[in-house]
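Listed below are the residues making up each chain.
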Amino acid sequence: MKKISKGFILPSAAYTVESKYLKFYKPLEGLPEIGDVVYGVVSRIGLHRELENKSGRIHQIQDGVKAIFVFGNRYAPDYYEGLIPSEVEEEVDLLARSGVIGTVKTKNSKVIDPTRIKILGQVCHENGNKINTKSFCLITPKINIKKYPRSKLILVCGTAMNSGKSMAAVACCWSLTALGYCVRASKITGVASLKDILYMNDAGANPYADFSYLGYPSTYLITEAEVLDIFNKLDLKYANNKENYWVVEIADGINQRETAMLLQSRDVQSRIHKLIFCAADAFGAIGGLQVLKQKFGLIPDAISGICSSSPLHIKELSEYTDIPVFDSMNILLSQMKEILISDKLERLYAELESAAINQ
């Protein structure tokens, strides 16, 4: 067992692990698992030339830079599909600038090869036990049973990564805050990156959190039970006040594994107050609407995303659906009020109460 030298970068993928636990490392033992923390050095610069630390600061990196890294899987059609290695390897790929590492299995032909990381050793406690981010959790709800009515859930999903979901979520946070409501925000799935939830915080959401607060460096290929546990724990932590709003973004597209798990879950569907669907173009939005309805039984309350910035895309959409469209880069507060504020849930609760009284 050796001591970790000072001066390393602590990335956001290890968000929950305090630096006081990062003192020792030893040779890798056994197959790596999601959340395993290692000490490594940049051996070759590729696509990622930066590391995001746990404060959100972006570090420029070069060959020879030492840092903490975390094993995880990544699903990113615009970049890589990366998996935790199935055997012990001395060098691995940097899958995200948050410090998630693994082995690239497939990559988008438009991107260059990944940055390579040489593993110096497994980070461990003084007693030799390995450190795993899932052992450190910042989200511990005081209750484990949801009390109704709850905060109104604004759920943002889309056709794929980079379809405009994050900016739509930001627009919802800003609009609701400007209208005088308290807003909490979360990102439920994806790969560790503080950028999206910090943007929602900039727009007025507070508190805010994502899956990394529960110790997950990423959510690709975790179990359905784990995906729903993340959703429910964040719900129990941030959505107990019926007067507030909870804005939630789901990563990637609606056909992606974990996204589909959430959208088909009764835990999630029963909580939706407003569903916002994002797409890069009109045809993608039209196809997505069909999948949402046929596969999940869902009809969005509004459409946004990159397509919403183009009058021609909006015109094409209007010939297919009358669902309102909002441009997250040009927010009209009166339109957002009409889309996001509704007494639909209140009417439902009143009907339920009336039925209970009549019985």
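Residues numbered from 1 in each chain as written. Predicted model: local features only at pLDDT ≥ 70, side-chain atom pairs only at ≥ 80, totals over all residues. Heavy atoms only, no water.

A. Quick peek at the packing of helix α6 (residues 282-296) against helix α7 (residues 311-318). In the contact formed by α6 and α7, the axes pass within 9 Å of each other and the chain directions differ by 35°. When the axes of α6 and α7 are compared, the crossing they make is right-handed. Contacts between α6 and α7 involve Ala282, Ala285 and Ile286 from the former and His313, Glu316 and Leu317 from the latter. Of the residues assigned to the contact of α6 with α7, the class counts are 4 nonpolar, 1 polar and 1 charged. (Axes fitted to C-alpha atoms, helices over the stretch in contact; angles between N-to-C directions. Helix = DSSP H or I, 4+ residues; strand = E, 2+ residues; numbered from the N terminus. Left-handed = near helix turned anticlockwise from the far one by under 90°. Contact = heavy atoms within 4.5 Å. Nonpolar A, V, L, I, M, F, W, Y, C, P; charged D, E, K, R; others polar.)

B. Spatial organisation of the sheet that holds strand β15 (residues 245-253). The 6 strands lie next to each other as β14-β13-β15-β12-β16-β17, forming an open sheet whose pairing is parallel. Across the chains shown, the open sheet's two edge strands, defined by having one partner strand only, are β14 (208-210) and β17 (302-304). With strand direction ignored, the average angle separating the axes of adjacent strands in the sheet is 20°. Direction of pairing for strand β12 (residues 152-158) relative to strand β16 (residues 272-278): parallel, over a ladder of 6 bridges. (Pairing = 2+ DSSP bridges.)

C. Examining the layout of surface pockets more closely. Considering only enclosed or pocket space, the largest pocket measures out at about 760 Å³ in volume. Forming the walls of the largest pocket are 34 residues, and the residues nearest its centre are Arg74, Met161, Asn162, Lys195 and Asp196. Elements supplying a minimum of two residues to the lining of the largest pocket: β7 (74-75), α1 (165-178), α2 (194-202) and β15. Quantified by volume, the second largest pocket comes out at close to 170 Å³. Surrounding the second largest pocket, 15 residues form its lining, Thr159, Ala160, Gly253, Ile254 and Asn255 being those nearest its centre. (1 Å grid on protein atoms, 1.4 Å probe; cavity = no way out; pocket = protein on both sides within 12 Å on 5 of 7 lines; lining within 4 Å. Points joined across faces, edges and corners; volume = space filled by probe spheres on them.)

D. Up close: the pattern of salt bridges. With the rule as written, the count across this model stands at 17 salt bridges. We note a salt bridge from aspartate 235 to lysine 146, for which the minimum N-O separation is 2.7 Å. Taken together, the positions of aspartate 235 in helix α3 (residues 224-238) and lysine 146 in the loop between β11 (116-124) and β12 put the pair 89 residues apart, joining distant regions of the chain. According to the relative accessible area criterion, lysine 146 is buried, its value standing at 18%. A salt bridge links glutamate 249 to lysine 187, with the nearest nitrogen and oxygen atoms 3.9 Å apart. (Salt bridge = Lys/Arg side-chain N within 4 Å of Asp/Glu carboxyl O. Buried < 20%, exposed > 50% of the residue type's maximum accessible area, 1.4 Å probe, protein only.)

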